[in-house]
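# Understanding the architecture of this molecule
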Amino acid sequence: MLPVILGLETTALTLREREIIDRLQPAGYILFSRNIESVEQTRALTDELRARSLNFQPVVGIDQEGGRVIRTAALGLQLPGAADLASFGSVASIIETAIVSTFTLRQLGFNTNFAPVLDLASPSPQANALPSRCWGAEAQQVLAYAGIFNRNQRHYGLMTCGKHFPGMGKAETDPHSDLPVIHATLEEFIAEDIVPFMALDDELSGVMLAHILLPDIDPDNPASLSRTLIEQILRERLDYRGLVYTDDLCMGAIARTLPPHLSVPRALEAGCDLPLVCHNVMDIIDGIAEGIARICPQTMHDTIRRVEYNMHKSCVPPKFSQKQWDKLMSRADTLCRTVPSVGSAPGSPVQQY
């Protein structure tokens, strides 16, 4: 198993992708809008990804937050986002959104949703990719609402992922373009931004690391490549035992200075389990694999053991049912008509993938 999550080129595996998957056996995949054309095509693609994974359950994931981060628009499937649901203030609507999201994703063959967002919204909207994606500006509100969403996704069969640790709500730039720098001490983060992660620790299947530089905590490494943040704080101080992902290492925050064949091994050496590499993967995957091969064998053994242990608990998607799908689409439509949108937000590549 190659401990990395890969993005794919299009709506079906190319011959080159099949060869690489069969040879390298990636631990998992993330699908974007570019990979989703129809219900039948999506389910065929996710089924093939599982079939090509030998002797392990791969991560088959998606960013399905709702609102402006939804990857199923081509299927006519829309869902309210976190800010919409928080503003509406209906716990029943949050539960219904989580359930509809879970069952539609399982029908499509996914076992992992890279949600909920646990970042605290900035009091003044920043162009940092987060506006409209957060459950609130106060830690307790985020904890309450995101906790309900997460709990119901887990209960009905999806692995989840809280993001973006240790919290990037204060960032003033979009990590898709540049590396944000946040000047705050660890004590300040623990008092506020980290609260939702701490409180939901045992309920999160995964945690995704932010691409942010925190000079007061680790002046030399972004959080996603920081052994201080991953091992000393997340694993040891918070005693987190689930999977640890990076955000996409092809984002400008990292890739401007460190290409994936270097950043992926660094993330793994820092304690991450599954780095994400989401764009133009086939051109760089062999270099990534060569870099991983040079990592200490004991480190890789521990990483792969954690991945296998956690993914063993994931649920195999059910057989597709058109009747079930149609009912879920009707419920999704009702939600979108019931929960009003909070309006537009600064543009970001995150909504275009």
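Quick note: structure is the one above.
Since we're looking at a predicted model, the values are computed, not measured.

## Considerations on the pattern of salt bridges
Two side chains with opposite charge may pair up if their charged atoms get near one another. This model, assessed by the stated rule, comprises 23 salt bridges. Salt-bridge contacts for Asp 47 lead to Arg 50; the nearest nitrogen and oxygen are separated by 2.3 Å. Of this pair, Asp 47 and Arg 50 both sit in helix α2 (residues 39-51), 3 residues apart, roughly one helical turn. Judged by its relative accessible area of 32%, Asp 47 falls in the partly exposed class.

## Things to note about the side chain of Ser 205
Relative to the elements of secondary structure, Ser 205 occurs in the loop between α7 (195-199) and β6 (206-209). Ser 205 sits in the buried class, given a relative accessible area of 5%. At 3.2 Å, the side chain of Ser 205 forms a polar contact with the side chain of Arg 154. Within the structure, the side chain of Ser 205 is placed 3.0 Å from the backbone nitrogen of Thr 160, a separation counted as a polar contact.

## Some thoughts on the pairing of strand β8 (residues 274-277)
On β8, burial covers both faces: Leu 274 and Leu 276 on one face and Pro 275 and Val 277 on the other are all buried. Pairing between strand β1 (residues 2-7) and β8: 2 bridges, direction parallel. The partner of Leu 6 across the bridge, within β8, is Val 277. Bridge count between strand β7 (residues 243-248) and β8: 2 bridges; the pairing is parallel. Residue pairing in the sheet places Tyr 245 in a bridge with Leu 274 of β8.

## Details of the environment of Gln 25
Tracing the chain through its elements places Gln 25 in the loop between α1 (15-24) and β2 (26-31). On the basis of relative accessible area, Gln 25 is assigned to the buried category, the value being 10%. It is 6.2 Å that separates the C-alpha atoms of Gln 25 and Ser 53, two residues lying 28 residues apart in sequence. Sequence-distant contacts of Gln 25, that is, excluding residues within four places in its chain, are made with Met 1, Leu 2, Ile 20, Arg 52, Ser 53, Leu 54 and Phe 56. A polar contact of 2.8 Å, which involves the side chain of Gln 25, links it to the backbone oxygen of Arg 52.

## Comments concerning the sheet that holds strand β3 (residues 59-62)
Sheet architecture is closed into a barrel: 8 strands sit in the order β1-β2-β3-β4-β5-β6-β7-β8, paired in parallel fashion. Looking at chain direction, β1 and β2 are connected through 4 bridges and run parallel. Looking at β2, one finds that Leu 2 is bridged to Pro 26. Here helix α10 (residues 260-269) sits on the sheet and contacts β1, β7 and β8; the angle it forms with β8, its principal contact strand, is near 160°.

## Considering the packing of α1 against helix α11 (residues 285-293)
Relative to each other, α1 and α11 sit at 10°, their axes nearing to 12 Å. With respect to α11, the element α1 is oriented roughly parallel. Where α1 approaches α11, its residues Ile 20, Arg 23 and Leu 24 are matched on the opposing element by Ile 285, Asp 286 and Ala 289. Among the residues forming the contact of α1 with α11, the class breakdown is 4 nonpolar, no polar and 2 charged.

## With respect to the nonpolar core
Counting residues in hydrophobic clusters, the biggest one holds 94 residues, and the most contacted among them are Trp 135 and Phe 165. Considering every element that reaches this core, the biggest residue donor is helix α5 (residues 139-155), with 7 residues. Apart from the residues lying within four places of it in its own chain, the contact partners of Phe 165 are Ile 194, Phe 197, Val 207, Met 208, Leu 209, Ala 210, Ala 223, Leu 229, Ile 233, Leu 234 and Leu 238. In this structure, Val 59, Cys 161, Met 208 and Tyr 245 belong to the second largest nonpolar core, which totals 16 residues.

## Here's the deal with empty space enclosed by the protein
Scanning all chains against the criterion turns up 2 cavities of 30 Å³ or more. In this structure, the largest cavity is lined by 20 residues; those nearest its centre are Asp 63, His 176, Asp 247, Met 251 and Val 350. Among the residues forming the lining of the largest cavity, the class breakdown is 11 nonpolar, 3 polar and 6 charged. Lining the second largest cavity are 13 residues, with Glu 65, Ala 82, Val 117, Arg 133 and Trp 135 sitting closest to its centre. Considered class by class, the residues forming the lining of the second largest cavity number 6 nonpolar, 4 polar and 3 charged.

Reading the values: the criteria
- Residues numbered from 1 in each chain as written.
- Predicted model: local features only at pLDDT ≥ 70, side-chain atom pairs only at ≥ 80, totals over all residues.
- Heavy atoms only, no water.
- Salt bridge = Lys/Arg side-chain N within 4 Å of Asp/Glu carboxyl O.
- Helix = DSSP H or I, 4+ residues; strand = E, 2+ residues; numbered from the N terminus.
- Buried < 20%, exposed > 50% of the residue type's maximum accessible area, 1.4 Å probe, protein only.
- Polar contact = N/O pair within 3.5 Å; in protein donor to acceptor, adjacent residues only side chain to side chain.
- Pairing = 2+ DSSP bridges.
- Contact = heavy atoms within 4.5 Å.
- Axes fitted to C-alpha atoms, helices over the stretch in contact; angles between N-to-C directions.
- Parallel < 35°, antiparallel > 145°, perpendicular 65-115°, else oblique.
- Nonpolar A, V, L, I, M, F, W, Y, C, P; charged D, E, K, R; others polar.
- Core = buried A, V, L, I, M, F, W, Y, C linked by side-chain atoms within 4.5 Å.
- 1 Å grid on protein atoms, 1.4 Å probe; cavity = no way out; pocket = protein on both sides within 12 Å on 5 of 7 lines; lining within 4 Å.
- Points joined across faces, edges and corners; volume = space filled by probe spheres on them.

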